[in-house]
Amino acid sequence: MTESPAVRSLARFGEVRIGERAARTLAAELARCDDRKAALLVGATPDAPLLAVAIEALLPGDRLTVVPAGSTSSTELRRHVSTLGSWVADRVHVVDTLAEADAADVMIVGEALAGTGEEARATLDGLTKYLTEGGVLSVATPAGPGRTTGAAAELDRQGALHGVGVDLVLRNQPPVRVYRLRFTSVSPAKAARLAPAYRPSSVPLTRDMHIDSNGVAAAGIALGLAALARVARPKSKLWLVPALAAAPVAAFFRDPERDVPEDPSAVVAAADGRVLSVQRLHDERFGAGEWLRVAVFLSVLDVHVNRSPVAGKVVDHFVADGGFANAMKPAAEHNVAAYTVLDTEHGRVVVAQRTGLIARRIVQRAPVGSLLARGERFGLIRFGSRTDVYLPADAADPLVGPGDKVVGGSSVIARWR
């Protein structure tokens, strides 16, 4: 049977090994969806981690269709699946060619795209017709030099148009960049049925504690400066300053696991810290009507990873220019701030990441069009800062007051009526 051009081109592109961390990143959308779903894995081999990760993500009622890679026969794949037990065999269907596959809610490309931009575009065009309405395509490309040309440039272009997430996976040989693309619209209501996405941007230290990649980079810079100082001035103790700073800098970027409340009416804190104010106000930037705003101050000792307070779809993101006043002062209202606007089943919700006296860098990782589960990580602010949550005042009741200590992703700050 003749294979489709899409899979033939993928076979030529299979130049990068997809390791376990990259595999989990590619399968993140499949693993987080609690709905009954159809998944499609294109370019699979029996010994690659991706097939095992995709099978692990399946729930009762799910089905996974597998198209073999160019180096693997469908007979070999079927034999492998049959050894995994009846539960797997009942849910995993191996086909000879992509043309035999049904449309999928989640499609995972098992081989990284390389080559020219035209080849990558033809591959994506050949794959997207197998996606259902609102379906997500996950695909990787080598990271590093040459990102301005070829397949990487094409995926950057597709990501700007259709991207709902991108992750850099450094712990792969070679490193890869994983794109999640959605080519058709999806309802915000679907976010309520998602679990927080797997994020390779956090490096695990223990089962319950991670360090954000920003912290790893900052600690690495500090240690690098210490090494340079040691070489440049071997008799001086100056190198101890950056060396001793590495650990507290990394600790600032700690990213602990959190238990997110299952109550669908709960609105959780977007960050760790202390409640500064709970007030009703008007802000025409977000639409007419009154807003309930809960402002939380983050000291330099608090966790600075930000989490979505509600389940919703990101429909806008913008940055407002301003100053860098102390985040506890009224003047902080006019600080530089990044606003993430979400549509939810209960109305529009806005999260403002505000800079402070020390905080000068806001990281936002949720592009327009992406779905965020309640409690899902979506960014961070470096050093002391403030995070505000705006809720429609006629739809939510506050459960906290000024001075209350809250924990991001876990503490309930309001409840939908």
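Residues numbered from 1 in each chain as written. Predicted model: local features only at pLDDT ≥ 70, side-chain atom pairs only at ≥ 80, totals over all residues. Heavy atoms only, no water.

What follows covers a nonpolar patch on the surface. Nonpolar side chains collect at one region of the surface, where Ile221, Leu225 and Leu228 lie side by side and expose about 320 Å² of accessible area between them. By the secondary structure assignment, Leu225 is in helix H9 (residues 213-232). The partly exposed category is assigned to Leu225, whose relative accessible area is 47%. (Patch = residues over 30% accessible without salt bridge, like charges linked within 9 Å, V, L, I, M, F, W, Y side chains within 5 Å. Areas by Shrake-Rupley, 256 points an atom, 1.4 Å probe, with all protein chains shown as cover. Salt bridge = Lys/Arg side-chain N within 4 Å of Asp/Glu carboxyl O. Helix = DSSP H or I, 4+ residues; strand = E, 2+ residues; numbered from the N terminus. Buried < 20%, exposed > 50% of the residue type's maximum accessible area, 1.4 Å probe, protein only.)

Attention now goes to the side chain of Asn214. Structurally, Asn214 is set in helix H9. Setting aside residues up to four positions removed in sequence, Asn214 forms contacts with Phe253, Val363, Arg365, Leu380 and Arg382. (Contact = heavy atoms within 4.5 Å.)

Strands sit in the order E11-E24-E22 across an open sheet of three strands; the sheet is antiparallel. This sheet does not close on itself; its edge strands, each paired only once, are strand E11 (266-268) and strand E22 (396-398). Averaged over all pairs of adjacent strands, the angle between strand axes in this sheet comes to 30°, irrespective of strand direction. For E22 and strand E24 (residues 412-416), the ladder comprises three bridges, and the chain directions are antiparallel. Across the sheet, the residue bridging to Asp397 is Arg415, located in E24. (Pairing = 2+ DSSP bridges. Axes fitted to C-alpha atoms, helices over the stretch in contact; angles between N-to-C directions.)

Between its terminal C-alpha atoms helix H8 (residues 150-162) stretches 18 Å, which fits the 18 Å expected from 13 residues at 1.5 Å a residue. Tucked inside the fold, the buried residues of H8 contact helix H7 (117-128), strand E5 (131-142), strand E6 (163-169) and strand E7 (176-182). (Expected span 1.5 Å × (residues − 1).)

In this section: the domain arrangement of the protein chain. Looking at the assigned domains, one finds that the protein chain contains domain 1 (20-186), domain 2 (210-254) and domain 3 (263-416). Contact with domain 1, which involves six residues of that partner, is made by nine residues of domain 3. Summing both sides of the interface, domain 1 and domain 3 together bury roughly 510 Å²; the carbon and sulfur share of this comes to 45%. The tally of links from domain 1 across to domain 3 stands at one salt bridge. (Domains from an automatic or database assignment. Buried area = accessible area lost by both parts, 1.4 Å probe.)

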